[in-house]
Amino acid sequence: MTDSPRDVVVLGAGIAGAALADHLAKRSLTVTVVDPRTPAAGASGRAAGIVTEQLWNPWDVAVTRESREEYRALAEAKEPEAFLSAPFVRLTSEPSVATALHEAVERLRGWGVAVEELRAEELRRWFPQGRFERLAGAIASDGDACVTPSTITSLYLARARERGVETAFGASVDVPHRSGGMWSVVAGPSHWRARTVVVAAGAWSKRLLRDMGRPLPLTPYRTQAAVLRPPGTTSLGGGASLHDLDTDVYARPEANGRILAGDGTEKFETDPDRFITGADTEFLVHLAGSLGRWVPEWGTSEVVGAWAGVCTATPDRRPCIGALDPESGLYVLTGFNGFGVMRAGGAARRLADLIAAPTSESARAALVPVRPDRFGGRADPFPPKAGFTLEGGSHPRF
Ligand SMILES: Cc1cc2nc3c(=O)[nH]c(=O)nc-3n(C[C@H](O)[C@H](O)[C@H](O)COP(=O)(O)OP(=O)(O)OC[C@H]3O[C@@H](n4cnc5c(N)ncnc54)[C@H](O)[C@@H]3O)c2cc1C
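In this text, all values refer to a predicted model and were calculated from it rather than measured experimentally. (Residues numbered from 1 in each chain as written. Predicted model: local features only at pLDDT ≥ 70, side-chain atom pairs only at ≥ 80, totals over all residues.)

(A) Molecular detail of the site of the ligand. Surrounding the ligand, one finds 41 residues, the nearest of these being Gly 14, Gly 42, Gly 202, Gly 309 and Gly 340. For the shell around the ligand, the secondary structure elements donating two or more residues are helix H1 (15-26), strand S2 (31-35), strand S13 (219-229), strand S17 (302-313) and helix H8 (340-356). A class-by-class count of the residues in the shell around the ligand yields 24 nonpolar, 14 polar and three charged. Per-domain counts for the shell around the ligand show at least three residues from each of domain 1 (6-45 + 149-218 + 315-375) and domain 2 (87-145 + 220-313). (Near = placed C-beta within 6 Å. Helix = DSSP H or I, 4+ residues; strand = E, 2+ residues; numbered from the N terminus. Nonpolar A, V, L, I, M, F, W, Y, C, P; charged D, E, K, R; others polar. Domains from an automatic or database assignment.)

Written out as structure tokens, the structure is:
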């Protein structure tokens, strides 16, 4: 506990809260990070860690590029195996989706993304055992990466502590309230007063914000992943990630020739305190069928481990980042729609700029596309939308 008021209390020690704490401390603000669990106990400890610039708009691309470079630097200094350069390949057997991919290349290049269209024989560069007879279209972005999200979270927290950030984990956190013009935050026996509170509580943000009297339209939803060991010595070739747009199944390279694969989204709400943490048999069957379409050996992989985690949807699939109530110093960093690893570092830097200078026009402008007040105070229920899709363009599926 600290007697003097803190500048900021961050609620949540996932990758987003950890990155924010680090960026705030860099600006010489006094910061405490509070979490009732351990760091990365939420989605950040269950994510696949794909970081790709094949995204929706220039804001997304800039944020993700910045995140990737931060992760690269963090990992290089302390845990090099937590960052792997890995091109991201999207492919389809459907001609109409191939047209959408072709359009995406022009769009992405316009935003500075290094992306190319590929033929079947070029795909064998990364997937030598692949069977691409049915391929209708494929693209790859060269600058992408895979990270270990729990390690990146730990690295942010370690650096934040070196910069003076206080952390308090493992005690239940009361709903923060205002008293005497300050926020009051209680976790177990500890109590802090703070000028600013940031809700970065992942799937728990919905309940927390509602209990604070500032609800946002957020829907927690369950999504699954598995580590697979293909038979023989096959691996993801030279180390590219793969996303099958026909089935929304993705796979990324893992150590020792394994692959980490997953799919999109359960289309209904999940309680982050009561969800089924293991994977479903149907999910594993779906993975095998989908991966086996392109690389037959992958369809007979051994399942090394499989699990589920809870992500947080918003109605427009954009995150919520910024001031929810600037007068009282209430900010949010949540609603990542299953893409929070790739956005956390760049998003946290932008939010730290705003918290350090709330009236700065440039800091506000940097978060306009994701302003949390864009829903006008409405928090009606809605179903989460599809997961790891190709966004933008005119194809009705995306
Ligand atoms: C299977 C799976 C695969 C994924 N793959 C990818 C991927 O390849 N790429 C990608 O970019 N994203 C991916 N994601 C999404 C990504 O994991 C999330 O978007 C990201 O981790 C969200 O980070 P966060 O810090 O916002 O939330 P979390 O990591 O969920 O952290 C929230 C924290 O808040 C804490 N908390 C809860 N209540 C309170 C409270 N009252 N006070 C304080 N703290 C509280 C929790 O204990 C938790 O530690 C995947 C997710 C899953 C589940």
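(B) Quick look at the sheet that holds strand S3 (residues 50-51). What the three strands build is an open sheet, ordered S3-S8-S4; its pairing is antiparallel. Each edge of the sheet is formed by a strand with only one pairing partner; in this case those strands are S3 and strand S4 (83-85). As judged from the three bridges shared by S4 and strand S8 (residues 145-147), these two strands associate in the antiparallel manner. Looking at S8, one finds that Leu 84 is bridged to Cys 146. (Pairing = 2+ DSSP bridges.)

(C) Summary view of the sheet that holds strand S5 (residues 88-92). Judged by pairing direction, the sheet is mixed, and its eight strands sit side by side in the order S6-S7-S5-S14-S15-S16-S13-S17 without closing on themselves. Two strands close off the open sheet at either side, each with one partner strand: strand S6 (115-117) and S17. Here the strands of the sheet are splayed against their neighbours by 20° on average, with no regard to which way each runs. Inspection of the sheet shows S5 paired to strand S7 (residues 137-141) by five bridges, in the antiparallel sense. The partner of Val 89 across the bridge, within S7, is Ala 140. Across the sheet, helix H3 (residues 95-110) touches S5, S6 and S7, and the angle it forms with S7 is around 25°. Here helix H7 (residues 281-294) sits on the sheet and contacts S13, strand S14 (241-244), strand S15 (249-253), strand S16 (259-262) and S17; the angle it forms with S15, its principal contact strand, is near 75°. (Axes fitted to C-alpha atoms, helices over the stretch in contact; angles between N-to-C directions. Contact = placed C-beta atoms within 7 Å.)

(D) How the structure looks around the pairing of S14. The alternating pattern of S14 places Ser 241 and His 243 on one face and Leu 242 and Asp 244 on the opposite face, and all of these are buried. Two elements, S14 and S15, share three bridges in a ladder whose sense is antiparallel. The residue bridging Asp 244 from the neighbouring strand is Val 249, located in S15. Taking the residues between adjacent antiparallel strands as the criterion, S14 and S15 are bridged by four residues, where Asp 248 takes a positive phi near 60°. (Buried ≥ 20, exposed ≤ 12 C-beta atoms within 10 Å, placed from the backbone.)

(E) Just helix H5 (residues 149-162), in detail. With 14 residues, H5 should cover 20 Å at 1.5 Å per step; its first-to-last C-alpha distance of 20 Å lies within 8% of that length. Residues of H5 that are buried include every one of Pro 149, Ser 150, Ile 152, Thr 153, Ser 154, Leu 155, Tyr 156, Leu 157 and Ala 160, and no others. Taken together, the buried residues of H5 touch H1, helix H2 (58-78), S8, strand S9 (166-169) and H8. Directly after H5, the chain includes Gly 164, whose backbone phi takes a positive value near 100°. (Expected span 1.5 Å × (residues − 1).)

(F) Layout of H2. Here H2 is 21 residues long and its end C-alpha atoms lie 31 Å apart, about the 30 Å a rise of 1.5 Å per residue gives. Those residues of H2 that sit buried are Trp 59, Asp 60, Val 63, Thr 64, Arg 65, Ser 67, Arg 68, Glu 70, Tyr 71, Leu 74 and Ala 75.

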